[in-house]
Structure formats: C-alpha cells, structure tokens
Amino acid sequence: MANQGSERVGGLVETHKGYNPRILFFYFFIAAILLTLGGGLAYRQLFSNDRYHEAEKKQNQRRILVPGPRGIIFDRTGRVLVGNRPRFAVTLYLDQLRQDFRAEYIKIRKAYREADDKNLPTIDQMQRIARFTVVRRYLDQVNQVLGRHEELDSDELNKHFRQQLLLPYILLDDLKAEEYARLIERLPVNSPLQVYTSSIRSYPLGSIAAHTLGYVTGNDDIEPSDNFPGADLTTFKMKGTVGREGIESKFDADLQGETGGAIYRVDPSGYRVNPPLSKRQPVHGHDLHTSLDAELQIVAEKAIVETELNGAAVALDIRTGEVLVLASKPDYNLEDFIPRLNHDKAKQINDQGAWLNRAVSGIYPPGSTFKIVTSSAGLLAGLDADKFSVDCTGSIMVGARRFTCENGHGIHGVISLTEAIAESCDSFFYQFGLATGAEKISATADRFHLDRPTGIDLPYETKSMLIPDAAWKKSRRDEAWFPGDTANMSIGQGFIGVTPLQMACFAASFARGETVTKPYLLHDPERPAQHTEPIGLTPAQHAAIVQGMVGCVDHGTAKILTTIPSMRIPGLTLAGKTGTAQVHGKDGNLNIAWFICFAPVENPKIAVAVVLEGNVGEETGGGRNAGPVAQAILKKWQDTQSRPPAPVITIPGK
Amino acid sequence: MSAKRFDQAHPFLTLALVFAAWLVVPTAVKRVLRAGFFEMQAPVEASASYIRDLQEFWSLKTRSKNDLIEAGRDLIHLNAAYEVRLQQDADLRAQLERLGRLLNLPAPEGYRAEAARVVRRDFSGWWQQLVIRKGSNYGLTVGAPVIYAGGVVGRIREVHAYTSVVELISSPGVRIAACLEGDTRPISYQGGINPTLSPARGEVEYVPVDVFVSPSAPRRLVTSGLGGVFPGGLTIGSLTNVEPSSDGLFKSGGVQLDADLSDLSEVTVLVPEETPPAAN
C-alpha cells in the first residue's frame, strides 16, 4: 500500500511506462499532417513538375522573333525587278540600361527632395523622367556624331518600354551609308547604342509593272515556323512585311523568309539575361523568276504614257502562255510604299484611278476586235468565207433601227469576209452576225473562255466579264433578245465586256488555231507548249481570217503601222485587228481603242492586246492610238529575239 | 588551443579585412590609386624601353663598315624614292586644294603626326594592346588613331602622363568603318578573338554581296575615312574570305592582319589638329 501510495505521489513525475491514450490522438494528428505535407510535396514534385516547370519557363523566358528577308523577284532574263536593300537604323537596347535608369531615378528623387518641392511626382513619373533623360543622353550622343538635331518622343519611348522592352528601340531610322559608317567607328563596341540593319524592298529598274509586282506593307504579326521553339512564351516580334498586291500578295508564302529569333532568360523585372538560351538565324525567302520581260515591259509602259491616255497592254508567249508584258497605266510608284504610303499619295492614286490594274480587272467592250470571234462563229456555223459578201452602203436596217458602218468612209461596197476584217466593215458583220445567230456567237466566245477569268497568278482578277445571250438578258434585265442585240454583239458592242488579258489570250489561242490559252506569270524554261481544244476551223477558213488580219495592218484600219516608215518593223509579218468601242462615261461618250495582234504570221510566237481609254470629245481609235503601242512592244521583242539570251544572274539584295 | 587556432587564422582574417576595406573605399580613391599605380609603374617600363633602345644601339654599333655602307646606299635610294613621292604628294595636294576651292569644299581635318616608341606589347585572348612612350605630355588624346608603315595599328584607349595604351585593331574592342580598295561602299571592320601566338585576324560585316574573295585572291581592306576617326586609305589587312549572311543582304568574312603588328617597335599617333577659330 505504502508503495502504491508512493507511486501515486510519484505519479506527478514523468514516466515512460505504458501509454497515455490521449497522446495517440496527437500521433495520428501529426502523422496526418506529415502525410498531407509529404503527399502534397510528392504530388507537386512528381506529378505537377512539368506544369510548374512550364510556368517557371513562361515567367522567366521571352522569345524574340526576327522576320527573314523576302525573296527576290526577277524577270525572265534574270534582271532584278524587286530586290531587297538594307535599311540602317541606330537603336538602343533599353534592357541594357537598367543601372543607368536606376541611378538617374535616384538622382532625380534626391533633387526633388532637396528642392523641397511640394508637387513631388509619383514614383512612376520619376521613373519615366529618368528613362527619358537617359535615352535623350544617348540620342544627344548620336546627334553629336551625325550633326543632327533629332528629338525624342516621350510617349513612344514609354510605350516601347512597357510593351517591347526586349526589342531594340529605334532612335534614328533610314541612315545614309556615311552616317552608319560614322556611327560604327565612333560608338564604342559595347555601347547599348548599336547600328541595326533591316531589309526593305528596292526596285532597281524603277517602278515598272507596279500592279503586277504589287507592294508590301508592314506586318506586326510575323509567324515563326511550326518547329520554332517557345510557342507558349511571351513573344516580342520585330516588324515584318506582307504582300498586299500582285505577285507580292499571290506568292507571299513563297517570298516570305523564314522567321528567326532567340529565346532569352529574363530577370523578375523583365530585363534580359545574356546570352540567349537558343537562337535561330532568319532565312531568306524563295526567289521568284517571273515570265515578264523587263525590256518589253518598260517599252510598253512608256508607249502607253506617250499616248497620254489611261490603258493597258498585255503580251503573251503564244507557245507557252507565259506573260511577257502586263502593263497598266496610270499606276503607282512602288517606292512610295516604303516604309508606308502617306495620305497625300494615297489620295493622289485614288483620284487618278491608279489602284485599278486595267490589264486584268478593267472591263471594256472589245469593239471590232470581237469580229474575229464573230467570223469564227459564222464559219463554224457553215457560212462560206468565199461566197458570203455584203454590199456596204454605209448602214443597214435591223428591225426598226438603223445600224451604221462606222469604219473607213462608211461605204465599202461589195465586201467579203477577209476584206471586211481588214477594213473592219460593220455592215458586213451586222449581216454576218445575224446570219450566224447570237447563240452561236456567244457559244464560240465561251469556247474561247471570254466569259470567265483566265486564272492568271494574280489576286483580284475580275470576274465581271460578260458574253451576253438571250437567257442572260432575260434573267438580268427581264427583256427579250432582239436582232439589234445580235448586230451589236457582232461588232463587239452592247453588253459585252472583256479584259485586255482575255483578249491577249484570245489572240494567242487564235494564232495557234486553238480555243484556250492559260496565262502564266512565272517563268519556267521547261514549260511545255500549250495544246487545247482546236477551234474547229478548216485551214482555209483559219487562213481567210488571218489574211483579213494581215490586211488590217497592210492596208486596212491599222495601215498606219506599215504606211508610216518609222512604224514599220522590217522582217516581221503581223496579223492584227483594231477596235474602237463607244462607252458612256459619267462626263459623256468616249472611245475605247483596241488593237490585238500576233506575230510572226507564219510562225506565231507573240500575241499582244492593247486597250486605251479615250477622253470625252476626242477621236481615239484602235489603229491610230492603240496600234503604235503594240508596234513598240513588237519592235523591242524583235530586237530581243536577235540577241543571244541574257545569262540568268541572281544576286540577292543587289 | 583556441588562441593558437586564432593565430593560424590571422592571415586570412587580415586578408578578409583588407578586402572589406577595399570594398568600402570610395570610387574616387580607388581611381586615384589605380592611376597612381600605373604612373608609378610607367617610369620603370619607360626605363626598360630606353635600355632596350641602348642595347639595340650598341648591337648596331657592332656592325661592320661594309654593312653600314650598304645600309647607307639603301637609305639613299629610299630617300630618293621618298623625295619623288613627296613631290607627287605635293602636286596632288595642290590639285586637291584647287578643286576644293572651286567647289567651295571645307578644308579637310588635319592631323599632327607624333612618333612614339613601343614600351610594352600585351597580347592575350582578352585584349591586344601596346603601351607607347608618349602620353598627355605630348598632347595625345583618347581615341586618336595610331598607324605605322604597314597601315593601321589601332586607337589610343588610355592616356597617362608619360605613356599611352593603344588598343590594336586585332582586339575585339576596335571597330572601323572600312572599305575595299577601289570601292567606296562602307564595311564594318572589327577585331576578332585572337588567341596568343596565333596569326591576328579581324572580322568584317556589311560586305556588299557582289564582293568575291578567296585566300588565293584576297583584296586589300582600307580605312574608308567616312567614320571621322581614321583618315581614308590606310591599310587594315587583307580580306581573305567572305560568306553570305543569312539575311542575304550582305556578306561577312575574315581579315588577315599584318604579322608585324605583334612586333612593332615604333608607331605614329595621328593627333587631330584643332581647327583655328574663324577670324571675325
């Protein structure tokens, strides 16, 4: 008992005998906490490791993308039509100026405090002042070297600092070679100021084929290739370019260089920690060899300009369908788009109607050039070229309406098909067309694909061309088709509308005795000759029409090309057809002058179509105005044929 | 026992204290100490170079009279050739001045040539520099171009009272607006990473794409004169290889520098002459 009593007394002393059941609760509690902690740690370390790693990467890494230079565009002989030239800028890497910004901020804060200024700026305002002061100091350094007096834009600087800290801030752009030479010699090698080179478009031959080549505009959203790492990182993009018209737009994916860039680690404030974790050089885009012949293009554009009229000219290689000339005037100066088109220039282009590429998007009634289609349709319908003749008295009555012969002196007398083509006798074709029938003329025009786009490798080719027929007139105008409509269509007037490119394709097709020519804008020395569905004319029928076209140039409506000595092209036989259509403009009626042709007659190689928009009140004619433009192109073409082929020289950036 | 341990650690403690003291010393004091150290060292190096000059002098004195006579003849020929060149130079200068007057061109900036002996050559993978025996006592300034008979040596990086440090064109810290002989398009030249005892090379950027060279057909790279530091036409080296840059706009390449650069004993500093104030 005594022992028991002493044990009770001693019960106050800590003993390790047995368990206190209450402590078990704490054991479990502690174990549960440890398990929770351990499980959480294991979960984060073992299962969520990738997620946290990605989050850490996103927070600490930044990607900078640099666009690759665009590919060069050559003509078929290797002349550079669109190249690249360097654009030098002096830039400042703001992320290298962290210490300077901090020191300047402390100095400014101290100055305000010492001055006991009541209107103490906020921290953010003082930081902005500090940044401005430091950057302006660098700009002053550049101004001193270059002898300039440039000013700094505070808002632009802050925007750049907030949004594009890792990209170089451009202090001065478009430096001359002498200026960048001074800077590279006078600036310390390790200075935050550096000369930065970017690539911009250059036009060594001037602004030729402006509509066809197109232009580029700035692109803030350049995209890297799929295998470029860091797609999930915060990305800064240097400005690239994107094609907006013509070949630049159509082949933008080929011309675009491969985007390069680098991934940098940054500190918590977003400042770069050199060197880059990975880097990839931008790669030059693919070069394009167009089918255009720069010499012919220059001549064509000059000839159109000399007429002082708006218009277009197209020349095709008859064998392959490659486009040798695709000219449209008025056009725009491609240099005006570098770096961007200003408002005044844009307005000027707009006022002149120079945005329109008349060669592929200008819709015109073909006038008498359509008589070749009418002739083909009539002969295919069974009319006899030798026997069908008309006594042209200057006009005929079709229904209740008098249709006059507008060409020559208006009275051609008895005239056959061949001579009617040469003299472009309207009276003959009114009756020839009526004898053929509107459906057959329309069907023949459709076979020549005059009712649809050619599918040339250019954006914005119009789809508004029209070969009318009775069904169309009923559906669109809710009117019946009258014989007068057939008479009008026979001479290429009325509702018909085609593009110069279509008429050039038609001339090429007819020269080959086939129905379709697909135009190509890319040059392929191995391109096979085109062979499409034959027209179906007998050789004699085809020869009768061709003879008429030769007569047109020899003594007919385009005799100006042979009677005036300076216009002759010795050694080149030419088959052509003039056309003068009347349209109603907003200021009155005006003439549309056409000339289509192919040469040499015995072995056709080149087809040309020219259209000119006359002025209201002026007598503009196909033979008189459009013919000389085609003559200039053919003369230059003949010169180039007698020369050895030019070597293909590809000097990127030259 | 613990006292002994402290005694053993005493040197380390002292070193730590010195480091700590150096860290808290004001920057201005450090700068003065560094400059003072260099200026203290400079007389020793200058004296050594004078002694080397004396040694060279006595070694030349040991040459035979025949050698001296031959050297004298060579000198006469050289002098004659230089006389002719000087005359041609004077004619060209006169023509240039006449044309400049006709075109109302401003007078070109002039330089005062200051010959200086090399005191020390210091080549490593980090820097390539010379110490020359003239400093602010001869009016030398930081950034002044330094040349020798073979072309460009470099630029003055530091000027002390009696000596100056010249950074060689083989050093990555030197960049020059260059051009190829017979071509006016500017090219950026910069010294390369040159390990010790290897042939000195530099690098070029912004080389026009129509420039083609090879080690067997190099082209002479000269100063363009556009940068405003170096006069035009001074030889930098030979452009021996170029390759197109990835952007296709230019080429970049390598320049072989003159091997004599590492063995110079005398150079010339071109000190820009101050334009006299215009007379009222």
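Just so you know, these numbers come straight off a predicted model, no measurement behind them. (Residues numbered from 1 in each chain as written. Chains lettered and ligands numbered in written order. Predicted model: local features only at pLDDT ≥ 70, side-chain atom pairs only at ≥ 80, totals over all residues.)

Chemist: Got a minute to help me understand the overall build of chain B in this structure?
Modeler: Along the backbone of chain B there are three helices and 12 strands. Here the C-alpha atoms of chain B give a radius of gyration of 24 Å, more than 25% beyond the 19 Å that 2.2 N^0.38 yields for 280 residues. Expressed as lengths along the three principal axes of its C-alpha atoms, the size of chain B is roughly 90 × 60 × 55 Å. For chain B, buried positions account for 28% of its 280 residues. Long-range contacts, defined here as pairs at least 24 residues apart, represent 58% of the contacts in chain B between residues at least 6 apart. (Helix = DSSP H or I, 4+ residues; strand = E, 2+ residues; numbered from the N terminus. Rg over C-alpha atoms; globule rule 2.2 N^0.38 Å. Buried ≥ 20, exposed ≤ 12 C-beta atoms within 10 Å, placed from the backbone. Contact = placed C-beta atoms within 7 Å.)

Chemist: What is the right way to read helix H5 (residues 123-146) of chain A from this model?
Modeler: Since the α-helix advances by 3.6 residues per turn, residues separated by three or four positions end up pointing in the same direction. Residue and element names in this part refer to chain A. Helix length check: H5, at 24 residues, gives a terminal C-alpha distance of 35 Å against a target of 34 Å (1.5 Å per residue), a fit within 8%. By the burial criterion, the buried members of H5 are Ala-130, Arg-131, Val-134, Val-135, Tyr-138, Leu-139 and Val-142. Those residues of H5 that are buried lie in contact with strand S3 (80-92), helix H4 (98-114), helix H6 (154-163), strand S4 (169-175) and strand S5 (193-202). At the C-terminal side of H5, Gly-147 shows a positive phi close to 70°. (Expected span 1.5 Å × (residues − 1).)

Chemist: What is the right way to look at the sheet that holds strand S1 (residues 111-123) of chain B in this model?
Modeler: Hydrogen bonds between backbone atoms are what pair the strands of a sheet, whose relative direction is either parallel or antiparallel. All names here are of chain B. Taken together, the six strands give a closed barrel; going around it, the order is S1-S2-S5-S4-S3-S12, and neighbouring strands pair in antiparallel fashion. On average, each strand axis in the sheet is tilted by 45° relative to the strand beside it, whichever way the strands run. Relative to the sheet, helix H2 (residues 27-61) contacts S1 and strand S2 (128-132), its axis offset from that of S1 by approximately 95°. (Pairing = 2+ DSSP bridges. Axes fitted to C-alpha atoms, helices over the stretch in contact; angles between N-to-C directions.)

Chemist: Help me understand the domain arrangement of chain A, please; the structure alone is not making it clear to me.
Modeler: How big an interface is tends to be stated in terms of accessible area lost as the parts join. Partitioning chain A into structural domains gives domain 1 (55-79 + 205-290), domain 2 (87-198) and domain 3 (294-347 + 356-642). Here domain 1 of chain A and domain 2 of chain A have C-alpha centroids that lie 26 Å from each other. (Domains from an automatic or database assignment.)

Chemist: Looking at this model, I keep getting lost on the confidence of the model for chain B. Mind explaining?
Modeler: Should pLDDT be low for a region, the predicted coordinates there are not to be read in detail. Residue and element names in this part refer to chain B. Chain-level pLDDT for chain B is 86 on average; 92% of the residues reach the 70-or-more range. Taking the mean pLDDT of every element in chain B, the minimum, 81, falls on helix H1 (residues 2-24) and the maximum, 95, on strand S9 (residues 219-223). Scored by ipTM, the complex comes to 0.74, with pTM at 0.73. (pLDDT = per-residue confidence, 0-100.)

Chemist: Even after reading the chapter, I still don't get the sheet that holds strand S18 (residues 575-585) of chain A, so can you show me in this structure?
Modeler: All names here are of chain A. Spatial ordering of the open sheet is given by S13-S12-S20-S19-S18, a layout of five strands whose pairing is antiparallel. The open sheet has two edge strands, strand S13 (323-329) and S18, and neither has a second partner. This sheet shows a mean twist of 10° between the axes of neighbouring strands, independent of strand direction. Where strand S12 (residues 310-317) and S13 come together, six bridges link them in antiparallel fashion. Considered in S13, the bridge of Ala-312 is made with Ser-328. Sitting on the sheet, helix H11 (residues 294-307) touches S12, S13 and strand S20 (606-613), and the angle it makes with S13 is about 30°.

Chemist: Where do I start with the interface of chain A and chain B in this structure?
Modeler: On the side of chain B, 21 residues touch chain A, which itself brings 22 residues to the contact. When contributions to the side of chain A that touches chain B are tallied by element, the ones reaching two or more residues are S3, helix H7 (177-186) and S5 of chain A. Split by residue class, the side of chain A that touches chain B holds 11 nonpolar, six polar and five charged. (Nonpolar A, V, L, I, M, F, W, Y, C, P; charged D, E, K, R; others polar.)

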